[in-house]
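# Survey of secondary and tertiary structure
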Amino acid sequence: MRILIGILFAATSTLAAPLREYSIPMFELAREPSAYTVVDRVEGQYLGQPTTVLFKDGRTLLAAYTDAHGNGRLLMSRSADGGDSWQRMDTGGTRVPEVPTLYKLPLPDGRERVLLFTCQPRNGTLEWMWSDDRGDSWSPRRQWKPEGTRGAIVALASLWPLADGKWRGVYHDFNYDNWTVDLELVADPSAHGGHDCRIGNLRRMDFTTPEGRQRSRAAGLCEAGDVPSPDGKRLALLFRPQHKKTNAMIAFSEDRGLSWTDPAELPGALSGERHTARYTPDGRLVVCFRDYSPLNWRNPSHGDWVAWVGTWDDLVEGREGQCRVRLRRNYGNSTNANIGDCGYTGLEILPDGRVLAVSYGHWDLAPGSTHPHHPEGRGLAPYILQVRFSMTDLDRWRKDPAMLVAMPPPGRGE
């Protein structure tokens, strides 16, 4: 399937179904144990949904996460050495009602502001606060309740710059409508750090045709991960398909998110949830996500934390990409029947070009356990794990058959 940008693509009413399976190779990062660093772990305690920023010194990282699934006590850790080590910070018992997301914004005086966004899911209130000292102190939490949405979930899932120095972010509601809001920094001596963070201009993401919106809601598209084109003129959003009836989907914008092409299914190689993307110095794209692909019965990494490697043109043309990496096996959920509780990723590119990715998951198997949907049993409580690898590593693995993840034999599944 080729994804065509523009009127022809947007007006297409019947799109050919993409491959559910994938043919590109997948490598096993667990065969490189030196790639892993534990960010935070508390025995028996759930830690999940991390988000990260990398400061301009190229060595200082901040990670935020929670001690419950999708809400709970806000926890933070910081690294001063590019991820070699991490130290838990004092957050004073602050709690968040949804997952946190971190973004880095430049202040006019050259300082770096960290914006932490979250939301109150049921009543749709957006919440945010900021720090200008790498997380040591924070502004009071601000709130805004937009009118017209049915709640708010994972706000803001993505945030991208606009041409006028502002930013635009996206989140979704319980109807699986996706919404954008605009953010700007305004000089205000009374605000924490001397600049206020103001949010407004709510806009529902309407696709090119009414069918596009219907397709989005039928698939339950949500938690969009943004990918800018290399020249910055176009933008793609990669969507999680919550209803599990399709592959993940993609939509494109040529006006920084004011209008969007109708969503189209991605190849099976990119099907999953909560995509996060970064360009590496050689121009390739790395996209990390939770591999959740119930339509691909042969997929050996279903429910695991994975990375896809390809190019912007692969996204535009609907190609499978270059390869995949299983970043870590995720065992059955320790508390329920879900097997895909992992994969929200903080993703950064270090100055030396290495990929640094941080996620949570049930990384260790509970001995002697059983699970209704996982053949190996249940995992222990999830914790926060970091991986680092280079594109040189990746190209070396491509020549090493021992690094390959074996695929089940061909056949028909139910």
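Everything in this summary refers to the structure shown in the same document.

Conventions we followed
Residues numbered from 1 in each chain as written. Predicted model: local features only at pLDDT ≥ 70, side-chain atom pairs only at ≥ 80, totals over all residues. Heavy atoms only, no water. Buried < 20%, exposed > 50% of the residue type's maximum accessible area, 1.4 Å probe, protein only. Helix = DSSP H or I, 4+ residues; strand = E, 2+ residues; numbered from the N terminus. Arc of directions from axis to C-beta. Phe/Tyr/Trp six-rings, centres within 6.5 Å; stacked < 30°, edge-to-face > 60°. Core = buried A, V, L, I, M, F, W, Y, C linked by side-chain atoms within 4.5 Å. Contact = heavy atoms within 4.5 Å. Pairing = 2+ DSSP bridges. Axes fitted to C-alpha atoms, helices over the stretch in contact; angles between N-to-C directions.

### Quick word on helix 2 (residues 210-219)
Considered for burial, the residues of helix 2 that qualify are Gly 212, Arg 215, Ser 216 and Ala 219. One face of helix 2 carries all of its buried residues, which in axial projection span an arc of 100 degrees. Helix 2 presents Pro 210 and Gln 214 as exposed residues on the side facing more than 90 degrees away from its buried surface. Positive backbone phi, at 70 degrees, marks Gly 220, one or two positions downstream of helix 2.

### Let's talk about the packing of aromatic side chains
Throughout the structure, instances matching the rule amount to 8 aromatic pairs. Ring geometry for Phe 207 versus Phe 239: centroids 6.5 Å apart, planes at 70 degrees, classification edge-to-face. Here Phe 207 is found in the loop between strand 15 (195-204) and helix 2, whereas its partner Phe 239 is found in strand 17 (residues 235-241), with 32 residues between them in sequence. Each member of the pair, Phe 207 together with Phe 239, is buried.

### Considerations on the nonpolar core
Formed by 26 residues in total, the largest nonpolar core has its most connected members in Leu 29, Cys 288, Trp 305, Val 325, Leu 327, Leu 394 and Trp 397. Elements with a minimum of two residues in this core: strand 21 (285-290), strand 22 (305-310), strand 23 (323-328), strand 24 (346-349), strand 25 (355-361), strand 26 (383-389) and helix 4 (391-397). Leaving out residues up to four positions away in the same chain, Trp 397 has contacts with Phe 27, Leu 29, Glu 32, Val 325, Phe 389 and Met 403.

### Observations regarding the sheet that holds strand 12 (residues 153-161)
Strands belonging to one sheet form pairs held by backbone hydrogen bonds; the direction of such a pair is parallel or antiparallel. The strand order 12-13-14-15 describes an open sheet built from 4 strands, whose pairing is antiparallel. Taken across any chain shown, the strands that pair with only one partner, and hence form the sheet edges, are strand 12 and strand 15. If you compare each strand with its neighbour and ignore which way they point, the axes differ by 30 degrees on average. As defined by bridge partners, strand 13 (residues 167-172) adjoins strand 14 (residues 178-187) across 6 bridges and the pair is classed as antiparallel. Pairing of Tyr 171 across the sheet is with Trp 179, part of strand 14.

### Describing the sheet that holds strand 8 (residues 101-106)
An order of 8-9-10-11 is seen for the 4 strands of this open sheet, with the pairing classed as antiparallel. Of all the strands in the sheet, the pair left with one neighbour each is strand 8 and strand 11 (142-144). Mean inter-strand twist for the sheet, computed between neighbouring axes without regard to direction, equals 25 degrees. Bridge analysis of strand 9 (residues 112-120) against strand 10 (residues 125-131) gives 7 bridges, and the strand direction is antiparallel. Within strand 10, the position partnered with Gln 120 by the bridge is Thr 125.

### A look at unusual backbone geometry
Each neighbour pair has its own omega, and for Ala 155 with Leu 156 the value is -5 degrees, a cis peptide bond. Mapped onto the fold, Leu 156 is located in strand 12. Although it is not a glycine, Asn 201 sits at a positive phi angle of roughly 60 degrees. Mapped onto the elements of the fold, Asn 201 is located in strand 15. Judged by relative accessible area, which is 41%, Asn 201 ranks as partly exposed.

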